[in-house]
Amino acid sequence: MVNSIILNAATRLLVALLLLFSVYMMLRGHNLPGGGFIGGLIGATGFVLYAMAHGPEAARAALRYEPQNIAMMGLGIALAAGVYAVFFGDAFFTGQWWFAGADPADPDDKGLPISSVLVFDIGVYLVVFGSILTLVFALEEEV
Amino acid sequence: MPRVYGGPAGWISVLVPAAIFVWFLQFLAPVAAGEQVLIGTDWVPSMEIRLSFLIDGLSLTFGLLISGIGALVTLYSTRYLGNHPEYPRFVLFLLLFMVGMLGLVLSDNLIALFVFWEVTTISSYLLIGFDSDSAKSRRSALQALLLTGTGGLALLAGMILLGNAAGSFELSEILTMGDEIRAHEHYVPILILFLAGAFTKSAQFPFHFWLPNAMAAPTPVSAYLHSATMVKAGVYLMARMNPTLGGTEPWFWALVVAGGFTTVFASLLAVRQTDIKQVLAYTTLMALGALTLFIGAGTSSAIKAAMIFLVVHSLYKAALFLMIGIVDHETGTREVDRLRGLARKMPVTFVAGALAAISMAGIPPFFGFIGKEFLYKAGLELEVASLWVTGTIFAASVLMFMAAGISVARPFLGRTPEALAATHEGPAAMWVGPLVLGGLSLWFGLFSDLPEQWLVAPATWAVYGSTAVEVDLYLFREVNAAFILSLVTFAVGFVLYLARDRIRALLSRIIEANPIKFDPGWDRVLDGLKALAEWQTRLLQSGVLQRYMVITFVTLAIGMGVTIWTKDALGPLVLDLAATFDGLVFMHWAVLVFITCGALLTAYTSSRMTAVASLGVVGIGVALIFIMFSAPDVAITQLLVETLTVVLVAVAMLKLPNLKLRNEERRPGHAALSLVVGALVTVVIVAVVQDDIDRRITDYFEIASWPEAYGRNIVNVILVDFRALDTFGEIAVVVIAALAAYALLRGKRPGRVKRGEDD
């Protein structure tokens, strides 16, 4: 924990921005640079910053859930996204898509694409996010 | 209908095997007509693993024994263990075992057979160690697991070799290819690996010692696993593979010698025991040895005799185990010297036990007599090793006669001592099983057409690999050598039974004088393994990060160097410097200088903090290279990881008192290692870019990314769609690494389990 007014003040703004940005990076990942892995790293950076400014206890309190549980949850979500395909007779981890509001006549109109692939990426996000925070919090509490 | 204890678990445990038994009955007629039934579905088609089942005479005989005896044993368990707090768990393990065993004997695919084989290994571990509070149970369970598990691994290797040699993993195909397999260059390794699996599972000498120890399991488990089913898995395997692997010299001698030796050795050990359950355990070993012996002998009459004896033994041995369980349940002891005159107190149990014991002694008109006659007949007809086979089986039969007396005549006949005066009959749920099995031993003897037509003949055809064998069971036809041998057996056996105390004392003296002891030997093997593990842990796991890094990089360097050297994979290495540096613009040069400076600073600084920061500089330089060569995803990841690493290490270092680097004297060595690894990596990269890269996969990803996976960022599409399974594996590793690190960091201070508040 670093006692610095500048860091404290800046953290309040930066954490919110980093978290927002991390979700943005994750969502755009399928078409532009980004994705769950990068998003998870950015999100974790936000909480690492918070832990440095306010201490790991405060960061844990702000996170509400144990980071290791978040990581396990992510792993479960990723697995569920893979198993989902099996119910449609496809192989494990085949992407399943739903183009909400797409115009069937126009092949280029994909509407709002929602997919099991996105769910998988959310799982990756949570795994990376939770695992890094598990490490960082434990390390910060240790030293 | 006896009342079933144990609640729903009790009912389920009885009804499931009973239903399976009834289901199997429908196959009796087609199989007796010489047909094979194949049922199957693709499991992992890309690896030729099918979930396919083959029902022929051998698997059907086993299937009926497993499910039929299973139903009787589970019914017995409802009273034997129904009040045990862990009873539902017991039922779970027992049914799991049954599934494994049925799968094992029915599987038509080698790999599936192996999976079921391991299911029986694991579930028997859980069952032997069911009384997990007892250190003896745990040790016995572990011993059985390690021995049969090791054999299982050998078996897997053998199956893969066999599958490759045959070009198929389907037993129904492999069984028709015996001549090709026997002539194959890998025949001997395949044989050794298969026998390693079968001998450990079926407790053949010198792997016999786990079976008597496994008697630590509850009695129903012993009756089921260690007489009728699991230990016969090895016998099943040998019988199953007989058409493919059998009939050669190595097969013959391996089985005949190991089987014969186990037979005599186990019979001798059996009659020296005073715990009746141990007597039965060793006679089981004898039976397994005899089955191995006769499958090895391999003539049609030997196979026929083995199949008869398989059924004979399953019936009487399960009955006897269940009987001694009732005695133990009612009197609290299984010691032969303390039991006397129980017949008047427990008449039904006595009748059941007596039926089984007479069959075991091989007295007419019981099924056991037919079994023994055919064993003798087959042994006498052998052209090679006839004396060895007949001699061992004669010795074993004599001792079986004696063991039958020790297990039933001795405890049940005579006058009831005072201590046992209050004993009474066991509950019906418990004596139904042994009574049915003992009754069958008599019934099959009187009406030998039944087992002949439905069980023995089809099984013999399956094992012999031809339906040309004539199977005709009979009690008595003429006075021949086998019949005379039987009479001699009774006479000698009876004399030995009368002299049992003196024989026991004599055997004890011989065995105690023998310096080779297997069970303590096993402990020494385990101790040796532990010492080896400790030694290599001390060597590799020093706990000092620097040493870990040195070990890792030395291994890497040796691995790369040896591969390059031996594979001669490089070919002429052309390092065209001009072409390499041609086309670099100022920005590229700037990044190169940037990285080089960072690396030099890392190597030469004496401050840890500076070293970490300058290593970060190197990392960011690499990220810049990724950006310049259009790999933004990798660049972003690299940048973030670099940042987090530097921040984390800095956090840790802020709190460390000593920022000066130590171990100055080691630096030349580390520098040399770094240079070697760096040079090798450079060589490999130069070699890789020199050749044309196969772009087929890349092209596919580029083409398919948008139309098939609806994504324009190929990197991400590969990660989450094309190769999602790989990613899943990686994130699983991430979680495991995080949890392991967490445990390490937390584990140091056990007092700090509860976190927060006190800061």
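Residues numbered from 1 in each chain as written. Chains lettered and ligands numbered in written order. Predicted model: local features only at pLDDT ≥ 70, side-chain atom pairs only at ≥ 80, totals over all residues. Heavy atoms only, no water.

**Considerations on the overall build of chain A**
Within chain A, the secondary structure is distributed over five helices and two strands. When the helices and strands of chain A are listed from N to C terminus, the series reads α-α-α-α-β-β-α. Against the compact-globule benchmark of 15 Å for 143 residues, chain A has a radius of gyration of 18 Å, which places it well outside the compact range. For the C-alpha atoms alone, the extent of chain A along its principal axes is close to 60 × 30 × 20 Å. In chain A, which comprises 143 residues, the share counted as buried stands at 47%. Sequence separation of 24 or more characterises 62% of the internal contacts of chain A that already satisfy a separation of 6 or more. Here chain A displays about 6800 Å² of accessible surface, and carbon together with sulfur accounts for 71% of that area. Averaging the positions of the 5 positive and the 11 negative side-chain charges in chain A gives two centres separated by 8 Å. (Helix = DSSP H or I, 4+ residues; strand = E, 2+ residues; numbered from the N terminus. Rg over C-alpha atoms; globule rule 2.2 N^0.38 Å. Buried < 20%, exposed > 50% of the residue type's maximum accessible area, 1.4 Å probe, protein only. Contact = heavy atoms within 4.5 Å. Areas by Shrake-Rupley, 256 points an atom, 1.4 Å probe, with all protein chains shown as cover. Lys, Arg positive; Asp, Glu negative; His and termini not counted. Charge placed at Lys NZ, Arg CZ, Asp CG, Glu CD.)

**Some remarks on the overall build of chain B**
A tally of helices and strands in chain B yields 32 helices and two strands. Dimensions of chain B, computed from C-alpha atoms along their principal axes, come out at roughly 105 × 65 × 55 Å. Taken across its 759 residues, chain B has 50% of its residues classed as buried. In chain B, of all internal contacts separated by at least 6 residues, the share reaching a separation of at least 24 is 77%.

**Description of the packing of aromatic side chains**
All names here are of chain B. This model, assessed by the stated rule, comprises 27 aromatic pairs over all chains. Consider the rings of F350 and F412, whose centres lie 5.4 Å apart with planes at 40°: the pair is tilted. A residue pair is termed long-range when its members are at least 10 positions apart, and F350 in helix α16 (residues 347-361) and F412 in helix α18 (residues 386-412) qualify at 62 residues. Here Y700 and F722 contribute two aromatic rings whose centre-to-centre distance is 5.8 Å and whose plane-to-plane angle is 45°, an arrangement assigned as tilted. Separated by 22 residues along the polypeptide, Y700 in helix α30 (residues 696-709) and F722 in helix α31 (residues 714-722) bring together distant segments of the chain. (Phe/Tyr/Trp six-rings, centres within 6.5 Å; stacked < 30°, edge-to-face > 60°.)

**Some points on the environment of B:T537**
Residue and element names in this part refer to chain B. For T537, the location among the structural elements is in helix α23 (residues 518-540). A relative accessible area of 34% places T537 in the partly exposed class. Engagement of the side chain of T537 in a polar contact is seen with the backbone oxygen of A533, the distance being 2.5 Å. (Polar contact = N/O pair within 3.5 Å; in protein donor to acceptor, adjacent residues only side chain to side chain.)

**Some remarks on the interface of chain A and chain B**
With 48 residues of chain A at the interface, the matching set in chain B holds 43 residues. Here chain A packs against chain B, burying approximately 4200 Å² in sum over the two surfaces, 72% of which is carbon and sulfur. Between the two partners, chain A and chain B, sit zero salt bridges. On inspection of chain A and its partner chain B, the count reaches nine residue pairs in polar contact (both at pLDDT 80 or more). Residue assignment for the side of chain A that touches chain B shows that the elements contributing at least two residues are α2 (36-54), α3 (56-63), α4 (67-84), β1 (97-100) and α5 (116-142) of chain A. For the side of chain A that touches chain B, the element with the most residues is α5(A), which contributes 15 residues. A per-class count over the side of chain A that touches chain B returns 29 nonpolar, eleven polar and eight charged. (Buried area = accessible area lost by both parts, 1.4 Å probe. Salt bridge = Lys/Arg side-chain N within 4 Å of Asp/Glu carboxyl O. Nonpolar A, V, L, I, M, F, W, Y, C, P; charged D, E, K, R; others polar.)

**Points about α30(B)**
Taken as a whole, α30(B) carries its principal kink of about 35° at B:I703; the proline B:P707 stands between one and four residues after it. All of the buried residues along α30(B) are B:F701, B:A704, B:S705 and B:A709. Elements that come into contact with the buried residues of α30(B) comprise β1 of chain A together with α31 of chain B. Positive phi appears at B:Y710, one or two residues downstream of α30(B), with a value of about 55°. (Bend = angle between axes of the 7 residues up to and from the residue.)

**Observations regarding the packing of helix α17 (residues 367-381) of chain B against α18(B)**
All names here are of chain B. In the contact formed by α17 and α18, the axes pass within 8 Å of each other and the chain directions differ by 160°. Relative to α18, the element α17 is oriented roughly antiparallel. Seen from above, α17 lies across α18 with left-handed handedness. Along its contact with α17, which presents K372, L375, Y376, G379 and L380, the element α18 presents S386, V389, T390, I393, F394 and S397. (Axes fitted to C-alpha atoms, helices over the stretch in contact; angles between N-to-C directions. Parallel < 35°, antiparallel > 145°, perpendicular 65-115°, else oblique. Left-handed = near helix turned anticlockwise from the far one by under 90°.)

**A few points about the confidence of the model for chain B**
Residues and elements named next belong to chain B. Here chain B shows a mean pLDDT of 85. Residues at 70 or above account for 95%. Highest mean pLDDT in chain B belongs to helix α9 (residues 187-201) (92); lowest belongs to helix α25 (residues 577-581) (71). Counted against residues more than four places away or in other chains, residues 751-759, with its pLDDT under 50, gives ten contacts. On the interface metric, ipTM, the complex scores 0.90, and its pTM is 0.74. (pLDDT = per-residue confidence, 0-100.)

**Describing the packing of helix α3 (residues 57-80) of chain B against helix α15 (residues 300-331) of chain B**
Residues and elements named next belong to chain B. Where α3 meets α15, the closest approach of the two axes is 11 Å, and the angle between their N-to-C directions is 5°. Comparing the axis directions of α3 and α15 gives the class roughly parallel. Of α15, the residues touching α3 (which contributes L58, T61, F62, L65, I69, V73, Y76, R79 and Y80) are M307, L310, V311, S314, A318, L322, G325, I326, D328 and H329. Residue classes in the contact of α3 with α15 are distributed as 13 nonpolar, four polar and two charged.

**Points about the pattern of salt bridges**
Following the criterion strictly, the structure yields 15 salt bridges over all chains and no others. For B:D179, the salt bridge is made with B:R182, and the minimal N-O distance between the two is 3.1 Å. Pair noted here: B:D179 and B:R182 are both in helix α8 (residues 178-183), with a separation of three residues, about one helical turn. Residue classification places B:R182 among the partly exposed positions, given a relative accessible area of 26%. Here the salt bridges share partners, and the residues they tie into one network are A:R60, A:E66 and A:E141.

**Describing unusual backbone geometry**
Backbone torsion omega between B:F205 and B:P206 reads 5°, so that peptide bond is classified as cis. Here B:P206 lies in the loop between α9 and α10 (210-213). For the bond from B:P364 to B:P365, the omega torsion is 5°, close enough to zero to count as cis. Among the structural elements, B:P365 can be located in the loop between α16 and α17. Of note, A:R64 is a non-glycine position whose phi angle comes to about 70°, a positive value. With respect to the helices and strands, A:R64 occurs in the loop between α3 and α4. Phi angles above zero are rare outside glycine, and B:A385 is one such case at about 60°.

**Brief notes about the confidence of the model for chain A**
For chain A, mean pLDDT is 87; residues scoring 70 or higher make up 97% of the total. When the elements of chain A are averaged for pLDDT, β1(A) gives the smallest value, 78, and α4(A) the largest, 92.

**Concerning the side chain of B:S448**
Within the secondary structure, B:S448 is located in the loop between α19 (428-446) and α20 (449-464). Those residues within four positions of B:S448 in sequence are excluded, and the remaining contacts are B:I370, B:L473 and B:Y474.

**Some remarks on a nonpolar patch on the surface**
The grouping of A:L79, A:V83, A:Y84, A:V86, A:F87, A:F88, A:F92 and B:L725 at the surface amounts to a nonpolar patch, some 770 Å² of accessible area in total. Relative to the elements of secondary structure, A:L79 occurs in helix α4. Assessed through its relative accessible area of 35%, A:L79 is described here as partly exposed. (Patch = residues over 30% accessible without salt bridge, like charges linked within 9 Å, V, L, I, M, F, W, Y side chains within 5 Å.)

**Details of the pairing of strand β1 (residues 37-44) of chain B**
Residue and element names in this part refer to chain B. With seven bridges connecting them, β1 and strand β2 (residues 49-55) associate as antiparallel partners. Of the residues in β2, the one forming a bridge with I39 is F53. Once β1 ends, the chain turns through four residues before running back antiparallel as β2, passing E48 with a positive phi of about 60°. (Pairing = 2+ DSSP bridges.)

**Some details on the environment of B:L442**
With respect to the helices and strands, the residue B:L442 is situated in helix α19. As for B:L442 and B:D328, which are separated by 114 residues in sequence, their C-alpha atoms are 25 Å apart.

**Digging into the side chain of B:S77**
Residue and element names in this part refer to chain B. Within the secondary structure layout, S77 lies in helix α3. With a relative accessible area of 1%, S77 lands in the buried category. Leaving out residues up to four positions away in the same chain, S77 has contacts with G82, Y87, F90 and P220.

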